[in-house]
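# Structural overview
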Amino acid sequence: MTCRQGKLRLQKWYITRELVQTVLARKPKMCSFLEWRDLKIVYKRYASLYFCCAIEDQDNELITLEIIHRYVELLDKYFGSVCELDIIFNFEKAYFILDEFLLGGEVQETSKKNVLKAIEQADLLQEKTETISVLSNIKS
Amino acid sequence: MPAVSKGDGMRGLAVFISDIRNCKSKEAEIKRINKELANIRSKFKGDKALDGYSKKKYVCKLLFIFLLGHDIDFGHMEAVNLLSSNKYTEKQIGYLFISVLVNSNSELIRLINNAIKNDLASRNPTFMCLALHCIANVGSREMGEAFAADIPRILVAGDSMDSVKQSAALCLLRLYKASPDLVPMGEWTARVVHLLNDQHMGVVTAAVSLITCLCKKNPDDFKTCVSLAVSRLSRIVSSASTDLQDYTYYFVPAPWLSVKLLRLLQCYPPPEDAAVKGRLVECLETVLNKAQEPPKSKKVQHSNAKNAILFETISLIIHYDSEPNLLVRACNQLGQFLQHRETNLRYLALESMCTLASSEFSHEAVKTHIETVINALKTERDVSVRQRAVDLLYAMCDRSNAPQIVAEMLSYLETADYSIREEIVLKVAILAEKYAVDYTWYVDTILNLIRIAGDYVSEEVWYRVIQIVINRDDVQGYAAKTVFEALQAPACHENLVKVGGYILGEFGNLIAGDPRSSPLIQFHLLHSKFHLCSVPTRALLLSTYIKFVNLFPEVKPTIQDVLRSDSQLRNADVELQQRAVEYLRLSTVASTDILATVLEEMPPFPERESSILAKLKKKKGPGTVTDLEDTKRDRSVDVNGGPEPAPASTSAVSTPSPSADLLGLGAAPTAPAGPPPSSGGSGLLVDVFSDSASVVAPLAPGSEDNFARFVCKNNGVLFENQLLQIGLKSEFRQNLGRMFIFYGNKTSTQFLNFTPTLICSDDLQPNLNLQTKPVDPTVEGGAQVQQVVNIECVSDFTEAPVLNIQFRYGGTFQNVSVQLPITLNKFFQPTEMASQDFFQRWKQLSNPQQEVQNIFKAKHPMDTEVTKAKIIGFGSALLEEVDPNPANFVGAGIIHTKTTQIGCLLRLEPNLQAQMYRLTLRTSKEAVSQRLCELLSAQF
């Protein structure tokens, strides 16, 4: 799959207002796929957030829908019932989780456990280094 | 502020985000942001060194501001500093900033690459992964140059952690996609294939993506992946829903991996090994069987994952196109989905069925769903689904159902979304022409198109109807009567006035006997529309009027009055004024004989590929309306369609046009793709295919060199010896060309029995039509004679025709043969496109057979301007600012042949140091890529 998630997470914030408008204008019962320029857009709405993926012609639409769902599950598990605010205030975490799950537009790891393990390890690593730095501060 | 803040809360960042969210207006937000930017700038510039935490916090703020849509032009250096922090989160934020705000400053890139290099060498898997993620997210050429050689090593190293392998595989994939030339193939490739056997499913998942991309370019290097992929797939498909633990997704075992494996298999033909093939067919059948089982969960995720695999399986079955049983099962499955309550499934079923319709095994099975599809067109609420229904109707159309499908499309057109009207108009026009048995039906259909959607009827469409009416005398009377009636409507579309004006000007006489459509009535009818029309239409009508002067002498005074009026003779528009003046003069001074000659009925148009089809292809992009589809469909019509009405070329033959016997009017798209009727039966024509090869001289020495010189130009001296000089002048347009050959007698003595002959080999003959007339057998001393060759490219070809010249000079018999430089690239039409489109198409043409590459030594000085001129001379467009490397040249164009059009992309990469070039050609057809690459390679 050569989807452009890498770019997309930027796009969802600012570039493609035009795409955002198109997706927002769609009605609930419509299908989750639409052609947009040379790409196909697969999107799904979760509460107030729309998740969009741009894929190429030969890519599998349904599995892309489930990529979105798995990502939402990952966020949910990490934040504990994720809401939009979590993503706004911890946008860097949302990026890190995405990088573990997808890389260069391809699925890297589909196991929820493995992805979260990687993120939690990193969190752990960070707490450790912080304790050390706090200690060194005390010493000096 | 949210309660949740995982890991280290950067309090300052959270406060800032809250502030932004609390801003009541856009202005307040911008003000707050500017304040923050000023603050960060002063911190970064301040004398006090910032600690890592502050740097991280500020960099994070910049990132947030950037994501809000503001430009960020500083902070890169601070982010780069973070990369070398030994604190994980600082490093992580540094990498994130670099990945999101890529900067092309070379000094920065050097520093970034240095940091990445250190992390890759650190043996700390988390650091290595961060570095790999950054390379994969940026994917720039500079990073490729720095790391493409290291990553394969990391990927196959025995001691790399699984997570590192996964990231390395996808990182390499990204670099390969961005700059394939930088990734060296080698011993590691075999080991990558074996990652398909890896115990860790995540590693397999990442590796399959890499292999799928690499094998497209190097199918032979990776062909062992087929059997490995089959056995992996088979293990997954046959596993129970809990076997794969965390890789099971809503009771579906490893759906992502399954889909990827099925995609990989679509890069190859069906496995040759019977055991492997058997196992694979079993897998495919299992997937089809599972679709019929009751779902294990009511969740949509379960059915989506399951159906994702099912659709990919069907794609593979269609790709193989060799198992009738599976194809029909696939079609039945899709048929069920056509009526599914999930919109997504209906959409996908319509889309997938489109490709099934072009397989001869399943075309008939697809046709049985016609009513459902028509119903979808009428009732679907989502325009994207209706669009798919239109596509499918177009794909399933053949002679048996064309009237029904065309009628449905016409009625849909009345309410269709504006965005897809033009495409539907083109489709209707093509189907009506392609499957017309009764041309009155064709004329009615096109006039209906103009009536319903006149604004969307492009020039190509109305030109085409005129061409067809002119070429078919059995429909001319009907056409005249029908347009006459249609023009009676008080408000009719300007396109109808154009068609009506043209047709009545040519064939109005055929209905003039009826007092209701007498010449004068016809004239008044047309002239009543005149003042409402645009200038081009008025110009056309003026021509109609002068044609009337010839057809109906009795209306001449009326028309002269109109031409003479001030509004014509003194019209502000130069074109209209000129026509009025000239036509008026012509009608006054010319005798009836001269008028009759000048204003004679238009001769039949030369047949070529329908310009409408070309337009549709252009609209849909190359590759979507492939010639393969057409030939396949035609084949299936022959197989299944029962007795076919003879394509109506009979009337054309009787037309007194010298080229008529080549044309097969109206039948061009339906004619089987086989050899065209062998031409040249007429005694007037030189029999270009005569088997005179036994007496033909071998090619003249140096003829090869001369031949190559003509690849990029059309005029010049082809051959010269002491007696004879042969010069060429040629012009090409789309799939047609005309070549003037000049034979100069350099001596003062006559050449006798001077006989030039054009010879096409058996391979070439079906693909290239050449027509010419014999020249005078005597060429006086010092004289030059000219021969015209009409050229038609029927299909792509490789060889060049040979020109053999025999004559007597003095007492000796002379026999010379040279290759005639009619090469495939002459039928190029340049295509301008933007960088994005170019690479999009480039990617679409990524099958291994579509690309041909040649690396060769420069034979001429490597001069940029000369190279550009050659590429343009070659016929393609030279696309500037498309290739990221300005030293490279890229070009794009379409090869026009009678049967098809082939989109071609090319890229030439010079290497000045090595004095070498690499030339890559991508087209939808292997033979075309091959031939163009050969031809162009010889030019540098």
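Residues numbered from 1 in each chain as written. Chains lettered and ligands numbered in written order. Predicted model: local features only at pLDDT ≥ 70, side-chain atom pairs only at ≥ 80, totals over all residues. Heavy atoms only, no water.

Stated formally: UniProt positions are given in the numbering used here, feature names are shortened, and annotations may be inferred rather than shown by experiment.
Under an unreviewed UniProt entry, chain B has the name AP-2 complex subunit alpha and belongs to Pan troglodytes. As its UniProt record puts it under Subunit (unreviewed entry), chain B is described as follows: "Adaptor protein complex 2 (AP-2) is a heterotetramer composed of two large adaptins (alpha-type subunit AP2A1 or AP2A2 and beta-type subunit AP2B1), a medium adaptin (mu-type subunit AP2M1) and a small adaptin (sigma-type subunit AP2S1)." Quoted verbatim from the Sequence similarities (unreviewed entry) heading of the UniProt record, the comment on chain B is "Belongs to the adaptor complexes large subunit family."

Naming follows an unreviewed UniProt entry, where chain A appears as AP complex subunit sigma of Pan troglodytes. Taken directly from UniProt, the Subunit (unreviewed entry) text for chain A runs: "Adaptor protein complex 1 (AP-1) is a heterotetramer composed of two large adaptins (gamma-type subunit AP1G1 and beta-type subunit AP1B1), a medium adaptin (mu-type subunit AP1M1 or AP1M2) and a small adaptin (sigma-type subunit AP1S1 or AP1S2 or AP1S3)." The heading Sequence similarities (unreviewed entry) in the UniProt record of chain A holds the text "Belongs to the adaptor complexes small subunit family."

## With respect to the interface of chain B and chain A
Rules: Contact criterion: two residues are considered in contact whenever any of their non-hydrogen atoms come within 4.5 Å of each other. Accessible area, probed at 1.4 Å, shrinks when two parts are joined; the buried area is that loss added up over both. Here, a salt bridge means any side-chain nitrogen of Lys or Arg that lies within 4 Å of a carboxyl oxygen of Asp or Glu. We define a polar contact as two N or O atoms separated by no more than 3.5 Å, with the added condition that, inside protein, one atom must be a possible hydrogen donor and the other a possible acceptor, whereas residues neighbouring each other in sequence contribute only through side-chain atom pairs. Here a helix means four or more residues in a row that DSSP labels H or I, a strand means two or more in a row labelled E, and each is numbered from the N terminus.
Contact with chain B, which involves 73 residues of that partner, is made by 62 residues of chain A. Summed over both partners, the interface of chain B with chain A buries about 6,300 Å², with 58% contributed by carbon and sulfur atoms. Where chain B meets chain A, there are 6 salt bridges. The salt bridge involving Arg26(A) is made with Asp382(B); its shortest N-O contact spans 2.6 Å. Our count for the contact surface shared by chain B and chain A stands at 27 residue pairs in polar contact (both at pLDDT 80 or more). In terms of residues, the side of chain B that touches chain A owes the most to one element, helix α16 (residues 300–320) of chain B, which gives 8 residues.

## A word on the sheet that holds strand β2 (residues 39–46) of chain A
Residue and element names in this part refer to chain A. Under the convention used in this document: Two strands are said to pair when DSSP picks up at least two bridges between them. Helix axes are fitted to C-alpha atoms over the stretch in contact, other axes to C-alpha atoms as well, and angles between N-to-C directions run from 0 to 180 degrees.
The strand order across the open sheet built from 3 strands is β1-β2-β3, with neighbouring strands paired in antiparallel fashion. The strands lining the two open edges of the sheet, one partner per strand, are β1 (33–36) and β3 (49–55). Across this sheet, the average inter-strand angle for adjacent strands is 30°, counted without regard to direction. Note that β1 and β2 share 4 bridges and pair antiparallel. Within β2, the residue paired with Phe-33 across the bridge is Val-42. Across the sheet, helix α3 (residues 61–79) is in contact with β1, β2 and β3; its angle to β2 comes to roughly 40°.

## Side note on the packing of helix α21 (residues 383–396) of chain B against helix α23 (residues 418–434) of chain B
Residue and element names in this part refer to chain B. We apply this condition: Roughly parallel refers to an angle under 35 degrees, roughly antiparallel to one over 145, roughly perpendicular to one between 65 and 115, and oblique to any angle outside these ranges. Working rule for handedness: look at the near helix, and if it is turned counterclockwise from the far one by less than a right angle, call the crossing left-handed; if clockwise, right-handed. Only Asp, Glu, Lys and Arg are considered charged, only Ala, Val, Leu, Ile, Met, Phe, Trp, Tyr, Cys and Pro nonpolar, and every remaining residue, Gly among them, polar.
Contact pair α21 / α23: the axes reach a minimum separation of 11 Å and the direction vectors enclose 15°. Classified by the angle their axes make, α21 and α23 are roughly parallel. At the point where α21 passes α23, the crossing takes the left-handed sense. Contacts from Val-383, Gln-387, Val-390, Asp-391 and Tyr-394 of α21 reach α23 at Ile-420, Glu-423, Ile-424, Lys-427, Ile-430 and Leu-431. Each residue belonging to the contact of α21 with α23 can be placed in one class, and the counts come to 7 nonpolar, 1 polar and 3 charged.

## Re the environment of Ala416(B)
All names here are of chain B. In plain terms, the rule: Relative accessibility thresholds used throughout: buried, under 20% of the residue-type maximum; exposed, over 50%; partly exposed, between the two (1.4 Å probe, protein chains only).
Position of Ala-416 among the secondary structure elements: in the loop between α22 (402–413) and α23. The class for Ala-416 is buried, based on a relative accessible area of 3%. In contact with Ala-416, not counting residues within four places along its chain, are Arg-421 and Ile-424.

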